[in-house]
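Remarks on the overall topology
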Amino acid sequence: MPIKAAAAALDVSEMTIRRALEAGDFPGLQFGRTYRVSRPFVEALLNEVRSGRRVIVEEFAAAWIASRQGAA
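Since we're looking at a predicted model, the values are computed, not measured. (Residues numbered from 1 in each chain as written. Predicted model: local features only at pLDDT ≥ 70, side-chain atom pairs only at ≥ 80, totals over all residues. Heavy atoms only, no water.)

1. Some details on the nonpolar core
- If you look at the biggest cluster of nonpolar residues, it comprises 18 residues, and the most contacted ones within it are Leu10, Ile17, Leu21, Phe26, Val37, Phe41 and Val42.
- Contributions of two or more residues to this core are made by helix 1 (3-10), helix 2 (14-23), strand 2 (34-37), helix 3 (39-50) and helix 4 (57-71).
- Those residues in contact with Leu10 that lie beyond four places of it in its chain are Ile17, Phe26, Val42, Leu45 and Leu46. (Core = buried A, V, L, I, M, F, W, Y, C linked by side-chain atoms within 4.5 Å. Buried < 20%, exposed > 50% of the residue type's maximum accessible area, 1.4 Å probe, protein only. Helix = DSSP H or I, 4+ residues; strand = E, 2+ residues; numbered from the N terminus. Contact = heavy atoms within 4.5 Å.)

2. Considering helix 1
- Within helix 1, the full set of buried residues consists of Ile3, Ala6, Ala7 and Leu10. Buried residues of helix 1 fall within an arc of 100° about the axis and therefore sit on the same side. In helix 1, those exposed residues whose orientation departs by more than 90 degrees from the buried face are Lys4 and Ala8.
- Residues of helix 1 that are buried in the fold lie against helix 2, strand 2 and helix 3.
- Asp11 lies just past helix 1 and shows a positive phi near 60°. (Arc of directions from axis to C-beta.)

3. Comments concerning the pairing of strand 2
- Because side chains alternate across strand 2, one face comprises the buried residues Tyr35 and Val37, and the other comprises Thr34 and Arg36, none of which is buried.
- Two strands pair when backbone bridges link them, and strand 1 (residues 28-31) and strand 2 are joined in this way by four bridges, in the antiparallel orientation. Bridge pairing links Leu29 to Arg36 in strand 2.
- Hairpin connection of strand 1 to strand 2: two residues between the antiparallel strands, including Gly32 at a positive phi of 60°. (Pairing = 2+ DSSP bridges.)

Listed below in structure tokens is the structure:
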């Protein structure tokens, strides 16, 4: 999903998403200068928040990425 859509879904700035991607704190990919965010990650993050839990994005992302690597 484009950064703009992820930022809108999470109600943060596009720069916040871009910085998290560049720092490796957010799963996504880069094609040249274009970034894409993992839609399943954003949906899982939003579901966690909607369930009433307090979420630390960096910790959630690390656990989410680790769970995907274990499944591969």
